[in-house]
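So you can see what is in the structure, the chains are spelled out below.
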Amino acid sequence: WKRADGFAEHLQTGEDVTFGRAMVAAGSRAALVRDAEVSWEQRPTLRANLKMFERYGEGSGNSLDMRLLGRDLARVAALGGSAAIAVHGSTPLRLAAAAGAGVYLSLPLARALRGQRPVRTAALVAPLAVARDAAKAYGALRALARRARCVD
């Protein structure tokens with residue numbers, strides 16, 4: 001903890017990833033555990049969930065962690081690119097974009113199909129993934145804009 005300069009208490013989200021990366025950079029060893037489970041209570045409304053993901057994006061922007069920021073912004077770039085391909089792309093490009101979307105959504109779809117209302121839940125996976133990714137990108141961009149205003 002001391003070698004990593006402590007825990008970034010000023011961050012409300014993204015602090016766990018930032019701390020983990022600082023620990024590894026300071027020489028600590030990290031390991032992935034396949035059977036580890038993390039769970040938390042879902043927010044009661046779609047709006048509350050989107051606000052949660054927006055805050056996650058703010059954590060990316062506030063931490064200035066390029067991997068977190070890159071991940072959030074790359075998802076939105078992929079969404080925009082996929083939309084452009086759907087409208088203007090050739091058949092092979094459309095098939096490639098659909099395959100990419102299928103791979104990206106495969107894990108949440110598999111989880112949805114194991115749930116209580118599999119068809120209904122699976123139908124919501126794609127639009128909710130878009131909303132989630134857009135909320136995270138919005139939060140990241142908003143945090144970066146706020147930081148830029150403070151620097152000026």
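Residues numbered from 1 in each chain as written. Predicted model: local features only at pLDDT ≥ 70, side-chain atom pairs only at ≥ 80, totals over all residues. Heavy atoms only, no water.

## A word on the packing of aromatic side chains
All told, the structure shown has one aromatic pair when counted by the stated rule. Taken together, a centroid distance of 5.5 Å and an interplanar angle of 90° make the contact between Phe53 and Tyr56 edge-to-face. On the criterion of helical spacing, the pair formed by Phe53 and Tyr56 is a turn pair, its members being three residues apart in helix H2 (residues 46-63). You can call Tyr56 partly exposed: its relative accessible area is 31%. (Phe/Tyr/Trp six-rings, centres within 6.5 Å; stacked < 30°, edge-to-face > 60°. Helix = DSSP H or I, 4+ residues; strand = E, 2+ residues; numbered from the N terminus. Buried < 20%, exposed > 50% of the residue type's maximum accessible area, 1.4 Å probe, protein only.)

## Some thoughts on the environment of Val125
Summarising the element assignment, Val125 is placed in helix H5 (residues 118-151). For Val125, a relative accessible area of 11% puts it in the buried group. Note: C-alpha distance between Val125 and Cys150 (25 residues apart in sequence) is 37 Å. In this structure Val125 touches Leu105, Pro108, Leu109 and Ala112, once residues within four positions along its chain are discounted. (Contact = heavy atoms within 4.5 Å.)

## Here we look at the nonpolar core
Counting residues in each nonpolar core, the largest one holds five residues, listed as Leu105, Ala112, Ala122, Val125 and Ala129. Secondary-structure elements contributing two or more residues to this core are helix H4 (91-113) and H5. Of all the elements, H5 adds the most residues to this core, at three residues. If sequence neighbours within four positions are ignored, Ala112 has contacts with Pro118, Thr121, Ala122 and Val125. (Core = buried A, V, L, I, M, F, W, Y, C linked by side-chain atoms within 4.5 Å.)

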